[in-house]
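Residue strings, one per chain:
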Amino acid sequence: AQTVTQSQPEMSVQEAETVTLSCTYDTSESDYYLFWYKQPPSRQMILVIRQEAYKQQNATENRFSVNFQKAAKSFSLKISDSQLGDAAMYFCAYRSPAYNTDKLIFGTGTRLQVFP
Amino acid sequence: DSGVTQTPKHLITATGQRVTLRCSPRSGDLSVYWYQQSLDQGLQFLIQYYNGEERAKGNILERFSAQQFPDLHSELNLSSLELGDSALYFCASSAYTADTEAFFGQGTRLTVV
């Protein structure tokens, strides 16, 4: 079974600085999808960025980018020019495209604090 | 707005009671997933329905059950409630099983007293 591990329960960053959140996963599949979700105090789950395993190029969405290392099974999220609104829980998630196993598997989350 | 609607937003009930949580997926989405998030925890997968049929099951208690109706909305039934069932229950939907993205509702906050 696939697992997702986020080893940083909490991280902090100053406004305008850069922070990297770590995520590792375990799978025997070669094709899969990886996601970062943000959960602000409102508790809404918001998709931040996604990466298809077959793509070598790292995904980027504005200030958010990932470092996808398939061989190392690592998927870190970099937030550049951090803003106060980035403060939230961040969850890394894995999804298999296979029938009956396409649910999202989440890590335990990293709480990000942003200081002015 | 994700397009996924969950009702009610908040629910307070007593131990031993039974409640039903409702989820309306995005228009056209065939898959519905239910997740439980206890306080400051990650999201635990409960169950998935696809086009009316159960597709996958996670660590769902026998006291919990779900179904998806012909109009694709889904209901999660929780019975013989215990204090430990207090949590945020999320519904998510996606278009078909090979789709890469799932959209989440705003969740139902269940408090068992």
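What comes next is a walk through the structure. (Residues numbered from 1 in each chain as written. Chains lettered and ligands numbered in written order. Predicted model: local features only at pLDDT ≥ 70, side-chain atom pairs only at ≥ 80, totals over all residues. Heavy atoms only, no water.)

**With respect to the overall build of chain B**
Thought 1: For chain B, the helix and strand inventory stands at 0 helices and 11 strands.
Thought 2: Listed N to C, the secondary structure of chain B is β-β-β-β-β-β-β-β-β-β-β in terms of helices and strands.
Thought 3: Computed over the C-alpha atoms, the radius of gyration of chain B is 13 Å, within 12% of the 13 Å expected from 2.2 N^0.38 for a compact globule of 113 residues.
Thought 4: With the principal axes as the frame, chain B shows a C-alpha extent of 40 × 25 × 25 Å.
Thought 5: Burial analysis of chain B (113 residues in total) assigns 50% to the buried set.
Thought 6: Restricting the contact set of chain B to residue pairs at least 6 apart, pairs at least 24 apart contribute 54%.
Thought 7: For chain B, the exposed area adds up to about 5100 Å²; of that, 46% sits on carbon and sulfur atoms. (Helix = DSSP H or I, 4+ residues; strand = E, 2+ residues; numbered from the N terminus. Rg over C-alpha atoms; globule rule 2.2 N^0.38 Å. Buried < 20%, exposed > 50% of the residue type's maximum accessible area, 1.4 Å probe, protein only. Contact = heavy atoms within 4.5 Å. Areas by Shrake-Rupley, 256 points an atom, 1.4 Å probe, with all protein chains shown as cover.)

**Description of unusual backbone geometry**
Thought 1: Following T7 of chain B, the chain continues into P8 of chain B via a peptide bond in cis, with omega recorded as -10 degrees.
Thought 2: Looking at the secondary structure, you find P8 of chain B in the loop between β1 (5–7) and β2 (10–13).

**Some points on the nonpolar core**
Thought 1: Among the nonpolar cores identified, the biggest contains 26 residues, and Y25, W36, F75, L77 and Y90 of chain A are the most heavily contacted of them.
Thought 2: Of all the elements in the fold, those that place two or more residues in this core are β3 (19–21), β5 (33–39), β6 (46–52), β8 (64–69), β9 (74–79), β10 (88–95) and β12 (110–115) of chain A.
Thought 3: Per-element accounting of this core gives the leading share, 4 residues, to β10 of chain A.
Thought 4: In terms of nonpolar packing, the next biggest core, distinct from the first, is built from 20 residues, W34, I47, C91 and V112 of chain B among them. (Core = buried A, V, L, I, M, F, W, Y, C linked by side-chain atoms within 4.5 Å.)

**Some remarks on the pattern of salt bridges**
Side chains that carry opposite charge are capable of pairing whenever their charged atoms lie near each other.
Residue and element names in this part refer to chain A.
Thought 1: According to the stated counting rule, one finds 7 salt bridges over all chains in the structure shown.
Thought 2: For E52, the salt bridge is made with K55, and the minimal N-O distance between the two is 3.8 Å.
Thought 3: Beyond isolated ion pairs, a larger network of salt bridges with shared partners links R50, E52 and K55. (Salt bridge = Lys/Arg side-chain N within 4 Å of Asp/Glu carboxyl O.)

**Observations regarding the sheet that holds strand β8 (residues 74–78) of chain B**
All names here are of chain B.
Thought 1: The strand order β1-β3-β8-β7 describes an open sheet built from 4 strands, whose pairing is antiparallel. Because the sheet does not close on itself, it has two edges, and the strands there are β1 and β7 (64–68). Direction aside, neighbouring strands of the sheet carry axes that sit 15 degrees apart on average.
Thought 2: As judged from the 5 bridges shared by β7 and β8, these two strands associate in the antiparallel manner. Counted as the bridge partner of Q67 is E75 from β8. (Pairing = 2+ DSSP bridges. Axes fitted to C-alpha atoms, helices over the stretch in contact; angles between N-to-C directions.)

**Remarks on the interface of chain B and chain A**
Thought 1: Contacts between the two partners involve 27 residues from chain B and, on the opposite side, 21 residues from chain A.
Thought 2: Summed over both sides, the interface of chain B with chain A buries roughly 2000 Å², with 49% coming from carbon and sulfur.
Thought 3: The interface formed by chain B and chain A contains 0 salt bridges.
Thought 4: Inspection of the chain B/chain A interface yields 6 residue pairs in polar contact (both at pLDDT 80 or more).
Thought 5: Breaking the side of chain B that touches chain A down by element, the ones donating at least two residues are β4 (31–37), β5 (44–50), β6 (53–57) and β9 (87–94) of chain B.
Thought 6: Among the residues forming the side of chain B that touches chain A, the class breakdown is 12 nonpolar, 10 polar and 5 charged. (Buried area = accessible area lost by both parts, 1.4 Å probe. Polar contact = N/O pair within 3.5 Å; in protein donor to acceptor, adjacent residues only side chain to side chain. Nonpolar A, V, L, I, M, F, W, Y, C, P; charged D, E, K, R; others polar.)

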